[in-house]
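Close look at the chain arrangement
Chain by chain, the residues run as shown.
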Amino acid sequence: MNDEPVVLASDVRMSYGDTQVLHGVDFSVAPGEVSCIIGPSGSGKSTFLRCVNGLEPVLGGSLRVLGEQVGYSLRDGKYHAWTPKEFAAFRTRIGMVFQRFNLFAHQSALENVACAPIHVGGVPGDKARELAMEQLAQVGLADHAHKRPHQLSGGQQQRVAIARALAMNPTLMLFDEPTSALDPELVDEVLEVMKKLALDGMTMVVVTHEIGFAREVGDTLTFFDEGVVVEQGAPAELLADCKQPRTRAFLSSVL
Ligand code: ADP
Ligand code: MG
């Protein structure tokens, strides 16, 4: 195996219409790394994750993820834009967890987790449900497999969402403020599941304001502001001694 970064962004730029949101993001994630991102609301964190996942087109610079130039394949010396099918195949290799859990309301936890393996992965139903049960056990929810989302707490729903994101055996997991919508007493159960995943060696990019998690579990901490990476380093070092005034101002507002 090579040591190619799982994510390698160089000068990534992106706009919504006339509004430029990413102004040249440089960012990389090594295999097995837990990379935490912090930054003010509106600084482009979610947009960047959506670019990594191929949900938004990059308009400048280069974005390589899982060994691919996102959106393009090189064939016969030329770049060809991906078809919707190629985008879909790429996305099965990435698990994404959102602030709002986005579970299917009319399906049980088990059905939510088994859904993509059955409908996208072509796994037979019985096998997919057996694997989904194992995924739910991994996040501590084996006893709740047959409940619908409204019968579960926010923390339990988010753990189902994590199990669902893991169901296609992704190589990379993206978390976009996974605990921001939770009542404070439910945050830790979700962070514990994420910590276990990190210890198992999963490559993770985590946008979070849980500074304690970033310090304990993160390998790197990146501060985004106004569509660029302002500062990056080992979490303990960055938190103790950041160099940029914008980072300091932000940290003093959240710590
Ligand atoms: P963050 O996740 O750091 O809070 P976002 O990536 O969500 O930031 O947003 C960055 C900027 O892009 C904000 O100014 C936001 O208003 C804008 N934006 C986000 N999504 C859209 C969209 N779908 N259309 C237009 N503008 C958007
Ligand atoms: Mg966001």
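For the chain, an unreviewed UniProt entry supplies the name Polar amino acid transport system ATP-binding protein and the organism Nonomuraea jiangxiensis. Check the Subcellular location (unreviewed entry) section of the UniProt entry for the chain; it says "Cell membrane".

**Observations regarding the sheet that holds strand β9 (residues 172-176)**
Taken in spatial order, the 6 strands make up an open sheet running β8-β9-β10-β3-β11-β12, and their pairing is mixed. Because the sheet does not close on itself, it has two edges, and the strands there are β8 (94-97) and β12 (228-233). Ignoring strand direction, the axes of neighbouring strands in this sheet form an average angle of 20°. Where β8 and β9 come together, 4 bridges link them in parallel fashion.

**As for the pairing of strand β4 (residues 60-65)**
Bridge count between strand β1 (residues 7-16) and β4: 5 bridges; the pairing is antiparallel. Pairing of Ser10 across the sheet is with Ser62, part of β4. In this sheet, strand β5 (residues 68-69) lies alongside β4 in antiparallel orientation, the contact comprising 2 bridges. Across the sheet, Arg64 pairs through a bridge with Gln69, a residue of β5.

**Things to note about the nonpolar core**
Generally speaking, soluble globular proteins have nonpolar side chains that are buried together. Leu136, Ile162, Met173, Phe175, Met194 and Met204 are the most contacted members of the largest nonpolar core, which has 50 residues in total. Top contributing element to this core by residue count: helix α6 (residues 184-199), with 8 residues. Setting aside residues no more than four positions away along its own chain, Met173 makes contact with Gly95, Val97, Ile162, Ala165, Leu166, Leu197, Met202, Thr203, Met204 and Val205. In terms of nonpolar packing, the next biggest core, distinct from the first, is built from 28 residues, Ala9, Val25, Val65 and Val205 among them.

**Side note on unusual backbone geometry**
Positive phi values are uncommon outside glycine, yet Asp11 reaches one of about 55°. With respect to the element layout, Asp11 can be found in strand β1. For Asp11, a relative accessible area of 35% puts it in the partly exposed group. Despite not being glycine, Asp76 has its phi angle at roughly 50°, a positive value. Topologically, Asp76 is positioned in the loop between β6 (72-75) and β7 (78-81). According to the relative accessible area criterion, Asp76 is exposed, its value standing at 77%.

**Considering the side chain of Gln69**
Take Gln69: it is sitting in strand β5. For Gln69, a relative accessible area of 16% gives the class buried. Here Arg64 takes part through its side chain, which lies 3.5 Å from a polar atom of the side chain of Gln69. Leaving out residues up to four positions away in the same chain, Gln69 has contacts with Ser62, Leu63, Arg64, Tyr79 and Trp82.

**Quick word on the packing of aromatic side chains**
What the rule picks out here adds up to 6 aromatic pairs. Judged by centre distance (5.1 Å) and plane angle (75°), the rings of Trp82 and Phe87 are edge-to-face. Measuring from centroid to centroid gives 5.3 Å for Phe223 and Phe250, while their planes differ by 35°, and the two rings are tilted. Of the two residues, Phe223 is situated in strand β11 (residues 220-225) and Phe250 in helix α9 (residues 245-254); the sequence distance between them amounts to 27 residues. No difference in accessibility class separates Phe223 from Phe250, as the two residues are buried. Put simply, the rings of Phe27, Phe48 and Phe224 pair up and form one aromatic cluster.

Calculation rules
Residue positions within a chain follow its written sequence, with the count starting from 1. The lettering of chains begins at A and the numbering of ligands begins at 1, in the order of writing. In view of the model being predicted, local features appear only for residues whose pLDDT reaches at least 70, and side-chain atom pairs are presented and counted only at 80 or more, with totals across whole chains, interfaces and linings using the full set of residues. Hydrogens and water molecules were not included; the side-chain quantities draw on all heavy atoms of the structure. UniProt positions are given in the numbering used here, feature names are shortened, and annotations may be inferred rather than shown by experiment. Here, a strand pair is defined by DSSP locating no fewer than two bridges between the strands. Numbering goes from the N terminus for both helices and strands, where a helix is a DSSP run of H or I of at least four residues and a strand is a run of E of at least two. Helix axes are fitted to C-alpha atoms over the stretch in contact, other axes to C-alpha atoms as well, and angles between N-to-C directions run from 0 to 180 degrees. By nonpolar core is meant a set of buried Ala, Val, Leu, Ile, Met, Phe, Trp, Tyr and Cys residues that side-chain atoms within 4.5 Å join together. The classification of residues rests on relative accessible area computed with a 1.4 Å probe and restricted to protein chains. Under 20% of the type maximum is buried, over 50% is exposed, and intermediate values are partly exposed. We call two residues in contact whenever any of their non-hydrogen atoms come within 4.5 Å of each other. In protein, a polar contact means a hydrogen-donor-capable atom and an acceptor-capable atom, both N or O and within 3.5 Å, with residues adjacent in sequence counting only if both atoms are side-chain atoms; elsewhere, any N or O pair within 3.5 Å suffices. A pair of Phe, Tyr and Trp rings is counted when the ring centres sit within 6.5 Å of each other, with Trp represented by its six-membered ring. The angle between the planes then sorts it: under 30 degrees is stacked, over 60 is edge-to-face, the rest tilted.

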